[in-house]
Amino acid sequence: MLVDTFGRVASDLRISLTDKCSLRCTYCMPAEGLPWLRKAELLTDDEIVRLAAVFVALGVTTIRLTGGEPLLHPTVPLVVGRLASLVPRPELSLTTNGIGLVGLAPELVAAGLDRVNVSVDTLDRERFRELTRRDRLPDVLAGVAAAAAAGLHPVKVNAVLMRGSNLSEAPALLGWALRAGYRMRFIEHMPLDAQHAWTRDAMVTAEEMLDVLSEHYTLRPVGRGAHESAPAEEFDVLDGPGSDEWTARPGSLGVIASVTRPFCRECDRLRLTADGQLRTCLFARTETDLRAALRGDATDEQIAELIRAAVAGKQAGHGIGAADFVQPARPMSAIGG
Ligand code: SAM
Ligand code: SF4
């Protein structure tokens, strides 16, 4: 098992398949994109699978593929299939902006994908175009529907709420998700944007999100998600506005308050960047170069030792709000969100 000095057991690995993206969400990256990693810097599929096998042998039980936009990785179904044949088989999930899911969802499910999270920040086409700088809302919504039709239940839908943008749409987003049977999760904006424009004052807090939602819905807190380390605080939706627009169905929602109600004490996550760097925290200031070890002919045991040492050095918490907090050099899209 991978245990850190605070007694936390790392069992969840997020693998970024690429730092590139088909959207340019304003809260994530600038309009012109970022200096992307070069092909030679990226892990190959063989390298990804070999590292994943070492992590699984060390006790990792869930693997999430992310990015950037993971569906831009040309062989993502093959990667899923190879990860699904690891022993013991990890649970496999994917976080995506949904573009490309229409074509890929059945193939991903056949390859062994168990769950999917799709980011949908707005249902308004013009706002989507402003927020993501691309006119792709129809593709995203078709992708969500395709994921559900392919059997990836329950589809989780992520929205980062931003004041002056989509905050006022939170009740409508929840209504849409409840009607369709998706699990809506609202996320606090974190200081991981490439532009370093995040400020605590501008960030919409979980409290503010719940205030906006509570004007239309009766919410009952039910604690953290399925397992203790799940970041979302779950709420049952007991009652809704009942209008045609927001007809409520019994359901639930999650709020991920990484900044104001951090879950660092229960964190079970590790992150592998697309260029093979192990990060034990989104906000880590250091990385462990597993790609260099792989390409330097390290044995699996030597790689396992590097991973154990990195986990042993995992920091207590993200420290946002502390006087000495410094935003990490890599943005969210290059770490793997
Ligand atoms: N491109 C995929 C997507 O958008 O789902 C996967 C990568 S994206 C970095 C993963 C999640 O992180 C998305 O739900 C996105 O909204 C969220 N995200 C991006 N930047 C963020 C930030 N600065 N703070 C909080 N969440 C962020
Ligand atoms: Fe791309 Fe996801 Fe970042 Fe949006 S949040 S720009 S979809 S990586």
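Remember, predicted model here, so these are calculated numbers, not experimental data. (Residues numbered from 1 in each chain as written. Chains lettered and ligands numbered in written order. Predicted model: local features only at pLDDT ≥ 70, side-chain atom pairs only at ≥ 80, totals over all residues. Heavy atoms only, no water.)

Caption draft 1: Structural view of the overall build of the chain. A count of helices and strands for the chain gives ten helices and twelve strands. Seen along its three principal axes, the alpha-carbon backbone of the chain occupies a region of about 60 × 45 × 40 Å. Classification of the 337 residues of the chain by burial places 56% in the buried group. Nonlocal contacts in the chain, meaning residues at least 24 apart in sequence, comprise 72% of its contacts between residues at least 6 apart. Charged side chains in the chain number 37 positive and 43 negative. The centres of these two groups are separated by 2 Å. (Helix = DSSP H or I, 4+ residues; strand = E, 2+ residues; numbered from the N terminus. Buried < 20%, exposed > 50% of the residue type's maximum accessible area, 1.4 Å probe, protein only. Contact = heavy atoms within 4.5 Å. Lys, Arg positive; Asp, Glu negative; His and termini not counted. Charge placed at Lys NZ, Arg CZ, Asp CG, Glu CD.)

Caption draft 2: Structural detail: the sheet that holds strand 12 (residues 288–289). If you trace the twelve strands from one edge of the open sheet to the other, you get 7-8-9-6-5-4-3-2-1-10-11-12, paired in mixed fashion. What marks the edges here is a single partner per strand, and that holds for strand 7 (218–224) and strand 12. Two elements, strand 11 (residues 277–279) and strand 12, share two bridges in a ladder whose sense is antiparallel. From the neighbouring strand, Gln-277 faces strand 12, where its bridge partner is Asp-289. Helix 6 (residues 170–180) rests against strand 5 (156–160), strand 6 (183–187), strand 8 (233–239) and strand 9 (251–256) of the sheet, and its axis sits at about 155° to strand 6. (Pairing = 2+ DSSP bridges. Axes fitted to C-alpha atoms, helices over the stretch in contact; angles between N-to-C directions.)

Caption draft 3: The arrangement of the nonpolar core in detail. Judged by nonpolar contacts, the single largest core of 95 residues is most densely connected at Ile-63, Leu-65, Phe-186 and Ile-307. Here this core gets seven residues from one element, more than from any other, and that element is helix 1 (residues 45–57). Among all residues touching Leu-65, those that are not within four sequence positions of it are Ile-15, Leu-17, Pro-70, Val-76, Val-79, Val-80, Leu-83, Ser-93, Leu-94 and Thr-95. Counting residues in each nonpolar core, the second largest holds eleven residues, with Phe-283, Ala-284, Ile-320 and Ile-335 among its members. (Core = buried A, V, L, I, M, F, W, Y, C linked by side-chain atoms within 4.5 Å.)

Caption draft 4: The packing of aromatic side chains, seen in detail. Taken as a whole, this structure holds two aromatic pairs when the rule is applied. Taking the centre distance of 5.2 Å and the plane angle of 65° together, the rings of Trp-176 and Tyr-182 count as edge-to-face. With respect to class, Trp-176 is no different from Tyr-182; both count as buried. (Phe/Tyr/Trp six-rings, centres within 6.5 Å; stacked < 30°, edge-to-face > 60°.)

Caption draft 5: Examining a nonpolar patch on the surface more closely. Together, Met-1, Val-3 and Val-9 give the surface a local cluster of nonpolar side chains, amounting to about 290 Å² of exposed area. For Met-1, a relative accessible area of 73% corresponds to the exposed category. (Patch = residues over 30% accessible without salt bridge, like charges linked within 9 Å, V, L, I, M, F, W, Y side chains within 5 Å. Areas by Shrake-Rupley, 256 points an atom, 1.4 Å probe, with all protein chains shown as cover. Salt bridge = Lys/Arg side-chain N within 4 Å of Asp/Glu carboxyl O.)

Caption draft 6: Structural view of the site of ligand 2. Surveying the vicinity of ligand 2 reveals the residues Cys-21, Leu-23, Cys-25, Cys-28, Met-29, Gly-68 and Asn-97. Tallied by class, residues from the shell around ligand 2 come to five nonpolar, two polar and no charged. (Near = heavy atom within 4 Å. Nonpolar A, V, L, I, M, F, W, Y, C, P; charged D, E, K, R; others polar.)

Caption draft 7: Empty space enclosed by the protein, seen in detail. This model, assessed by the stated rule, comprises one cavity of 30 Å³ or more. As a volume, the largest cavity reaches approximately 40 Å³. Forming the boundary of the largest cavity are Ser-16, Leu-17, Leu-42, Leu-43, Ile-48, His-73, Thr-273 and Ala-274. Of the residues contributing to the lining of the largest cavity, the split by class is five nonpolar, three polar and no charged. (1 Å grid on protein atoms, 1.4 Å probe; cavity = no way out; pocket = protein on both sides within 12 Å on 5 of 7 lines; lining within 4 Å. Points joined across faces, edges and corners; volume = space filled by probe spheres on them.)

Caption draft 8: Highlighting the pattern of salt bridges. Scanning the entire structure with this criterion turns up 21 salt bridges. Here Asp-139 and Arg-136 are joined by a salt bridge, their closest N and O atoms 2.6 Å apart. For Asp-139, a relative accessible area of 32% translates into the label partly exposed. For Arg-136, a relative accessible area of 30% gives the class partly exposed. With a closest N to O distance of 2.5 Å, Glu-208 and Arg-163 form a salt bridge. Here Glu-208 is found in helix 7 (residues 206–214), whereas its partner Arg-163 is found in the loop between strand 5 and helix 6, with 45 residues between them in sequence. On the basis of relative accessible area, Arg-163 is assigned to the partly exposed category, the value being 40%.

Caption draft 9: Summary view of the site of ligand 1. Around ligand 1 there are 17 residues in total, and Tyr-27, Gly-68, Thr-96, Ser-119 and Met-190 lie nearest to it. Contact distances for ligand 1 include 3.2 Å between an oxygen atom and a backbone N or O atom of Thr-96. Within the contact set of ligand 1, a nitrogen atom lies 2.8 Å away from a backbone nitrogen or oxygen of Met-190. Starting from 540 Å² of accessible surface for ligand 1 in isolation, the protein chains cover 95%. (Polar contact = N/O pair within 3.5 Å; in protein donor to acceptor, adjacent residues only side chain to side chain.)

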